[in-house]
Amino acid sequence: MDRAQKEKVVEELGQIFESSGVVVVAHYTGLTVAEMQDLRARARAAEASVRVAKNKLAKIALDGKPCASIAGYLKGMTVLTYSEDPVAAAKVAEEFAKGNAKFQILGGAMGENALDRAGVEAVSKMPSRDELIAQIASCIGAPASNIAGAIGAPASNIASILTTIEERAEAA
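Let us look at the structure shown here. (Residues numbered from 1 in each chain as written. Predicted model: local features only at pLDDT ≥ 70, side-chain atom pairs only at ≥ 80, totals over all residues. Heavy atoms only, no water.)

**Describing the packing of helix H2 (residues 33-45) against helix H4 (residues 88-99)**
Direction vectors running N to C along H2 and H4 enclose 145°, while the axes themselves pass 9 Å from each other. Judged by the twist between their axes, the crossing of H2 over H4 is right-handed. Residue-level contacts link Glu35, Asp38, Leu39, Arg42 and Ala43 of H2 to Val92, Glu95 and Phe96 of H4. The residue inventory of the contact of H2 with H4, partitioned by class, reads 4 nonpolar, no polar and 4 charged. (Axes fitted to C-alpha atoms, helices over the stretch in contact; angles between N-to-C directions. Helix = DSSP H or I, 4+ residues; strand = E, 2+ residues; numbered from the N terminus. Left-handed = near helix turned anticlockwise from the far one by under 90°. Contact = heavy atoms within 4.5 Å. Nonpolar A, V, L, I, M, F, W, Y, C, P; charged D, E, K, R; others polar.)

Structure representation (structure tokens):
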């Protein structure tokens, strides 16, 4: 890799570190190509990404970035899982780690907040942005449907009473 390529990689990593809501660092020693492809596919499905980069270049890219605290985890064969959604990458990494002992999560960062192994696990248990939006929408929609039901109920009651009166009048 020549100098221009290294500078390009550092710039790309810098943008990743700047824009990601969460970055998870893990060791992946011993993962097969198929397992790594599975991890990438899971990440893509969750709108997250996986990146393997040289630790030295990643450390250079971290300089001055909010998640600079992860530099200490960049030793050995490391892989970065990241996403704009503050929990998507952590969920993907945790789920993959449960089924694969070769994938060991070291820690990560959520903005300026450093996360240890337990911190990544805690973040992964939080609801994602989409789940929160769905919960908020249901909370907002529930009172409206209750009001519509309350407004419609007296009209249906009156309609049933009128129908009963009409049936009695026809019977008599």
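**Examining the sheet that holds strand E3 (residues 78-83)**
Strands sit in the order E2-E3-E1-E4-E5 across an open sheet of 5 strands; the sheet is antiparallel. Each of the sheet's edge strands pairs with one partner strand only, and the pair in question is strand E2 (49-51) and strand E5 (113-115). Pairwise comparison of adjacent strand axes, ignoring direction, gives a mean angle of 20° for this sheet. Alignment of strand E4 (residues 104-110) against E5, held across 3 bridges, turns out to be antiparallel. By the bridge assignment, Met110 is partnered in E5 with Asn113. Against the sheet, helix H1 (residues 3-19) contacts strand E1 (22-27), E2 and E3, and its axis sits at roughly 145° relative to E2. Those strands touched by H4 are E1, E3 and E4, and its axis lies near 25° from that of E1. (Pairing = 2+ DSSP bridges.)

**Brief notes about the side chain of Asp85**
If you trace the backbone, Asp85 turns up in the loop between E3 and H4. Residue Asp85 is classed as buried on the basis of its relative accessible area of 14%. (Buried < 20%, exposed > 50% of the residue type's maximum accessible area, 1.4 Å probe, protein only.)

**Observations concerning a nonpolar patch on the surface**
On the surface, Leu132, Ile136 and Ile140 cluster together into a nonpolar patch covering about 290 Å² of accessible area. Within the element layout of this structure, Ile140 appears in helix H6 (residues 129-171). (Patch = residues over 30% accessible without salt bridge, like charges linked within 9 Å, V, L, I, M, F, W, Y side chains within 5 Å. Areas by Shrake-Rupley, 256 points an atom, 1.4 Å probe, with all protein chains shown as cover. Salt bridge = Lys/Arg side-chain N within 4 Å of Asp/Glu carboxyl O.)

**So, the packing of aromatic side chains**
All chains considered together, the criterion is met by 1 aromatic pair. Consider the rings of Phe96 and Phe103, whose centres lie 5.1 Å apart with planes at 85°: the pair is edge-to-face. Here Phe96 matches Phe103 in class, with each residue buried. (Phe/Tyr/Trp six-rings, centres within 6.5 Å; stacked < 30°, edge-to-face > 60°.)

**Looking at the nonpolar core**
When a protein is soluble and globular, its nonpolar side chains tend to lie buried together. Formed by 23 residues in total, the largest nonpolar core has its most connected members in Val24, Met36, Leu39, Val79, Phe103 and Ile105. Mapped by element, the contributors of at least two residues to this core are E1, H2, H4 and helix H5 (117-124). The element best represented in this core is H4, accounting for 6 residues. Not counting residues up to four positions away in its chain, the partners in contact with Met36 are Tyr28, Leu31, Val50, Val52 and Val79. (Core = buried A, V, L, I, M, F, W, Y, C linked by side-chain atoms within 4.5 Å.)

**Some thoughts on H1**
An α-helix turns once per 3.6 residues; consequently, residues spaced three or four apart project the same way. Across its 17 residues, H1 extends 24 Å between first and last C-alpha, which sits within 8% of the 24 Å expected from 1.5 Å per residue. Along H1, the residues classified as buried are Val9, Val10, Leu13, Gly14, Ile16 and Phe17. Seen from one end, H1 has its buried residues packed into an arc of 160°, which puts them on one side. In H1, the exposed positions that point more than 90 degrees away from the buried face belong to Ala4, Lys8, Glu11 and Gln15. Check the buried side of H1 and you find it contacts E1, E2, helix H3 (55-62) and E3. (Expected span 1.5 Å × (residues − 1). Arc of directions from axis to C-beta.)

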